[in-house]
Protein chains: 2
Amino acid sequence: MAGGSSTDEPRSFHVRRLQMTDKSKGFIELLRQLSVCDSVSDEEFRDRFQELSTMGDDHVICVIEDERSGKIVATGSVFIEKKFLRNCGRVGHIEDVVVDRDARGLQLGKKVVAFLREHARSMGCYKVILDCSVENRAFYEKCGFKHKEVQMVQYFT
Amino acid sequence: MAGGSSTDEPRSFHVRRLQMTDKSKGFIELLRQLSVCDSVSDEEFRDRFQELSTMGDDHVICVIEDERSGKIVATGSVFIEKKFLRNCGRVGHIEDVVVDRDARGLQLGKKVVAFLREHARSMGCYKVILDCSVENRAFYEKCGFKHKEVQMVQYFT
């Protein structure tokens, strides 16, 4: 039975906002599964957390914590852009959605995206957008998104 | 000679930040060439302008004014997203670039994009990104961008 992960208790996963204590629960390690994030000190984490907190509902990072292991297993963020276009409209930008590779197949990505989308809707956005790889396009289509434009990037070296 | 627009003076176009008085110089009419923007009152404009001003260098809208006509003939915006990813990195998001249809061919789009890109660089961003139509991809490639991902959208009705 060693290493078995099944129990009689059903697992439940709730989406909540990022908390300061989530750094010690593997939040940064989870981001590493998406892109480079190899050195964030406790102080840097706290400073960025506080900086984003001043934006209130205009920049929200959500997480799912596995209550059994106490680890963060999924995350995503959304920020609200305020335009003059569309009669001073607002647009929700979803970024940095990732699910722990050991927690795939549990629909956690869908839960995260639904949370972020509903936050954008509640903030009065007329649309929510994101950029993804061609491989992830089918996942976002299942979440109700449609392909529209092409993303262009320029890196600073 | 009626309607002629050529003179002996060379035309020069400078990029500057949006000012409160730009509403009366055709800024909203210019945005209408990009997407819906059919009713923005002076009060709504002032409120959104002041709201964006509180973000300082984190959200910048630039314009080019035709000094002969006193009209705004090009604009674009960039906002700075603050992440935990990439070691608390920053990303510049370019949005709402448009050049007046009567001022095409003067390289104004390139000037606007260069201004926004340099602002993102000066803010310490590791990259700058934007979404565009397939038709505009070649223009952004000339500006130094490369195609990377696909943009997905969900409209709220």
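Looking at an unreviewed UniProt entry, chain A carries the name Glucosamine 6-phosphate N-acetyltransferase, with the source organism given as Trapa natans. Checking UniProt for chain A, the heading Subcellular location (unreviewed entry) contains the comment "Endoplasmic reticulum membrane". Comment text from UniProt for chain A, heading Subunit (unreviewed entry), reads "Homodimer."

A. Region of interest: the pairing of strand β5 (residues 127-132) of chain A. When you tally the buried positions in β5(A), you get 5 out of 6 residues, the bulk of the element. As defined by bridge partners, strand β4 (residues 90-99) of chain A adjoins β5(A) across 3 bridges and the pair is classed as parallel. In the sheet register, A:Gly92 faces β5(A), and the bridge partner there is A:Val128. After leaving β4(A), the chain enters helix α4 (residues 108-122) of chain A and then returns to the sheet as β5(A), a path that is right-handed. As judged from the 6 bridges shared by β5(A) and strand β6 (residues 146-155) of chain B, these two strands associate in the antiparallel manner.

B. Here's a closer look at the interface of chain B and chain A. Counting from both sides, the interface comprises 63 residues of chain B and, opposite them, 62 residues of chain A. Summed over both sides, the interface between chain B and chain A buries roughly 6,100 Å², with carbon and sulfur atoms accounting for 58% of that surface. Of all residues in chain B, B:Phe84, B:Met152 and B:Phe156 give up the largest surface area on contact with chain A, accounting jointly for 16% of the area buried on that side. If you look at where chain B meets chain A, you find 8 salt bridges. With a shortest N-O distance of 4.0 Å, B:Arg90 and A:Glu51 are connected by a salt bridge. Considering each element in turn, the side of chain B that touches chain A owes the most residues, 10 residues, to β6(B). Split into classes, the residues belonging to the side of chain B that touches chain A amount to 31 nonpolar, 12 polar and 20 charged.

Rules used throughout
- Residues numbered from 1 in each chain as written.
- Chains lettered and ligands numbered in written order.
- Predicted model: local features only at pLDDT ≥ 70, side-chain atom pairs only at ≥ 80, totals over all residues.
- Heavy atoms only, no water.
- UniProt positions renumbered as here; feature names shortened; annotations may be inferred.
- Buried < 20%, exposed > 50% of the residue type's maximum accessible area, 1.4 Å probe, protein only.
- Helix = DSSP H or I, 4+ residues; strand = E, 2+ residues; numbered from the N terminus.
- Pairing = 2+ DSSP bridges.
- Right-handed = clockwise from strand over helix to strand, strands pointing away.
- Contact = heavy atoms within 4.5 Å.
- Buried area = accessible area lost by both parts, 1.4 Å probe.
- Salt bridge = Lys/Arg side-chain N within 4 Å of Asp/Glu carboxyl O.
- Nonpolar A, V, L, I, M, F, W, Y, C, P; charged D, E, K, R; others polar.

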